[in-house]
Amino acid sequence: MAIMTSSSTFQPVLERIAEEIERTPGRGRPADYIPALAACDPRSFGMAVADLDGAVYGVGEWRRPFSAQSLTKVFTLALDLAREGDVLWEHVGREPSGNPFNSLVQLEYENGIPRNPFINAGALVVTDRLHTRTGDASGELLSFLRTESGNPGLTFDQEVAASESAHGDRNAALGHFMASYGNIDNPVPTLLEQYFRQCSIAASCADLALATSFLARHGIRADGTRLLTRSQAKQINAIMLTCGTYDAAGDFAYRVGLPGKSGVGGGIIAVVPGRCTLCVWSPGLDERGNSVAGVAALDRFTTLTGVSVF
């Protein structure tokens, strides 16, 4: 096993992973329930690693923008937690769901309180609360991502947002159901518009690895200012580890051993606290909504480098 000793060894490790992924048959299928994503090539692949100083290493299509989707839930969580602190946890839980990310099952017997911030119901609550505090949750998120990634060109993909809106009945149901319990502040149509815009942001592996770096720096932003307390950064990393890959979080922790968050656009972000952040993209998904090649690549990264939180 090759143990990583410095950031300079990132590039050869990434190149080896890309070669192995290229030889791997079976990459899953893109998210066909969002028509704008269904046409993606499941064999596309990109991967980037950002160190704490902002240097980025990449391989494959690591600078190609893709639909961030649920990766954005990490950033809205951080932005809201920074504003309201522990009050947030009165409205959303911190436990793995054990059910699909868009399930309605648990909400009824848990009185409209979503199990965690990374299933759709929980993310809707977080976006709602951020919108109440900022007046424009998706705009606040986009500004944050532009600043942290150093890419002012990041923007919403209007086609993806419209596609999600046209096929967003289940998210609407989640929103209305939680509103009936008093757990949504804003009109549900307003919330849905914000949420679909949030998920539609297009960014590359390089952009997202850089934007996630504040979690590896224990809450410190790229400009040196503090967004989160060290404890809050630890909390988000912990929830990523236990809840970040839908109902496959246990398997992800077993294989990869890092806090991670996946999205149905095929992206996965991962954090090595105190060391680096990663983003991998390949749009072919498994039956639980996680990138097949993405999980495999992160598995190989931690195996080849010996880097893990365990």
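Here the structure is a predicted model, which means the values were calculated and not measured.

Thoughts on helix α3 (residues 72-84)
Each α-helix winds once per 3.6 residues, and so residues spaced three or four apart point in a common direction.
Here is step 1: Taking 1.5 Å per residue, 13 residues should reach 18 Å; α3 reaches 19 Å between its end C-alpha atoms and fits that length.
Here is step 2: Burial analysis of α3 places 11 of its 13 residues in the buried class, the great majority of the element.
Here is step 3: Listed as buried for α3 are Thr72, Lys73, Val74, Phe75, Thr76, Leu77, Ala78, Leu79, Asp80, Leu81 and Glu84.
Here is step 4: Positive phi appears at Gly85, one or two residues downstream of α3, with a value of about 60°.

Focus on the pairing of strand β7 (residues 267-272)
Here is step 1: Counting buried positions along β7 yields six of six residues, so the element is predominantly enclosed.
Here is step 2: The turn joining strand β6 (residues 260-262) and β7, which pair antiparallel and follow one another in sequence, is formed by four residues; a positive phi near 100° is taken by Gly266.
Here is step 3: Taken together, the six bridges between β7 and strand β8 (residues 276-281) define a ladder with antiparallel strand orientation. Each bridged residue has a counterpart across the sheet, and for Ala270 the counterpart in β8 is Leu278.
Here is step 4: Here β7 folds back onto β8 in antiparallel fashion, the turn holding three residues, of which Gly274 has a positive phi close to 80°.

What to know about the nonpolar core
Here is step 1: Core analysis: the largest hydrophobic core is formed by 62 residues, its most contacted members being Phe75, Leu215 and Ile236.
Here is step 2: Once residues within four sequence positions are removed from consideration, Leu215 is found in contact with Val74, Leu228, Ala233, Ile236, Asn237, Met240 and Val271.
Here is step 3: Among the nonpolar cores identified, the runner-up in size contains 26 residues, and Ile21, Phe252, Val256 and Leu304 belong to it.

Concerning the sheet that holds strand β3 (residues 66-67)
Here is step 1: Spatial ordering of the open sheet is given by β3-β5-β4, a layout of three strands whose pairing is antiparallel. Single-partner strands in this sheet number two, and they are β3 and β4 (155-156).
Here is step 2: The pairing of β3 with strand β5 (residues 201-203) spans two bridges and is classified as antiparallel. Note on β5: the bridge partner recorded for Ser67 is Ala202.
Here is step 3: Of the strands in this sheet, β3, β4 and β5 are in contact with helix α9 (residues 188-200), which crosses β5 at around 10°.

Notes on the sheet that holds β8
Think of a sheet as strands paired side by side through backbone hydrogen bonds, with each pair either parallel or antiparallel.
Here is step 1: The five strands lie next to each other as β2-β1-β8-β7-β6, forming an open sheet whose pairing is antiparallel. Of all the strands in the sheet, the pair left with one neighbour each is β2 (56-60) and β6. Between one strand axis and the next, the sheet turns by 10° as a mean value, whatever way the strands run.
Here is step 2: Across three bridges, the pairing between β6 and β7 is antiparallel. Residue pairing in the sheet places Lys261 in a bridge with Ile269 of β7.

Topic: the UniProt feature "binding site: substrate" (unreviewed entry) in the protein
Here is step 1: The UniProt record marks Ser70, Asn120, Glu164, Asn171, Tyr195, Tyr246 and Val264 with the feature "binding site: substrate" (unreviewed entry), using the residue numbering of this structure.
Here is step 2: Mapped onto the secondary structure, Tyr195 falls in helix α9.
Here is step 3: In this structure Tyr195 comes out as buried when scored by relative accessible area, which is 2%.
Here is step 4: Excluding its chain neighbours within four sequence positions, the residues that come into contact with Tyr195 are Lys73, Asn120, Ala123, Leu124, Thr127 and Asn171.
Here is step 5: With respect to the helices, strands and loops of the structure, Val264 is situated in the loop between β6 and β7.
Here is step 6: The class for Val264 is buried, based on a relative accessible area of 6%.

Some details on empty space enclosed by the protein
Gaps between atoms show up when a probe of the same size as a water molecule is rolled over them.
Here is step 1: What the rule picks out here adds up to one cavity of 30 Å³ or more.
Here is step 2: In the lining of the largest cavity, the residues fall into five nonpolar, three polar and two charged.

So, the pattern of salt bridges
Here is step 1: Throughout the structure, instances matching the rule amount to 10 salt bridges.
Here is step 2: Between Arg300 and Glu20 there is a salt bridge whose closest N-O contact spans 2.7 Å. In this pair, Arg300 sits in helix α14 (residues 292-305) while Glu20 sits in helix α1 (residues 10-22), placing the two residues 280 residues apart along the sequence.
Here is step 3: Within this structure, Arg16, Glu20 and Arg300 form a network of salt bridges that share partners.

Quick word on the packing of helix α5 (residues 120-134) against helix α8 (residues 169-180)
The axes of two packed helices give the description: the angle between them and the distance between them.
Here is step 1: With their axes 10 Å apart at the nearest point, α5 and α8 run at an angle of 65° to one another. Helix-helix and strand crossings are classified by hand; for α5 and α8 the assignment is right-handed. Here Asn120, Ala121, Leu124 and Val125 of α5 come into contact with α8, specifically with Asn171, Leu174, Gly175 and Met178.

Conventions and cut-offs
- Residues numbered from 1 in each chain as written.
- Predicted model: local features only at pLDDT ≥ 70, side-chain atom pairs only at ≥ 80, totals over all residues.
- Heavy atoms only, no water.
- Helix = DSSP H or I, 4+ residues; strand = E, 2+ residues; numbered from the N terminus.
- Expected span 1.5 Å × (residues − 1).
- Buried < 20%, exposed > 50% of the residue type's maximum accessible area, 1.4 Å probe, protein only.
- Pairing = 2+ DSSP bridges.
- Core = buried A, V, L, I, M, F, W, Y, C linked by side-chain atoms within 4.5 Å.
- Contact = heavy atoms within 4.5 Å.
- Axes fitted to C-alpha atoms, helices over the stretch in contact; angles between N-to-C directions.
- UniProt positions renumbered as here; feature names shortened; annotations may be inferred.
- 1 Å grid on protein atoms, 1.4 Å probe; cavity = no way out; pocket = protein on both sides within 12 Å on 5 of 7 lines; lining within 4 Å.
- Points joined across faces, edges and corners; volume = space filled by probe spheres on them.
- Nonpolar A, V, L, I, M, F, W, Y, C, P; charged D, E, K, R; others polar.
- Salt bridge = Lys/Arg side-chain N within 4 Å of Asp/Glu carboxyl O.
- Left-handed = near helix turned anticlockwise from the far one by under 90°.

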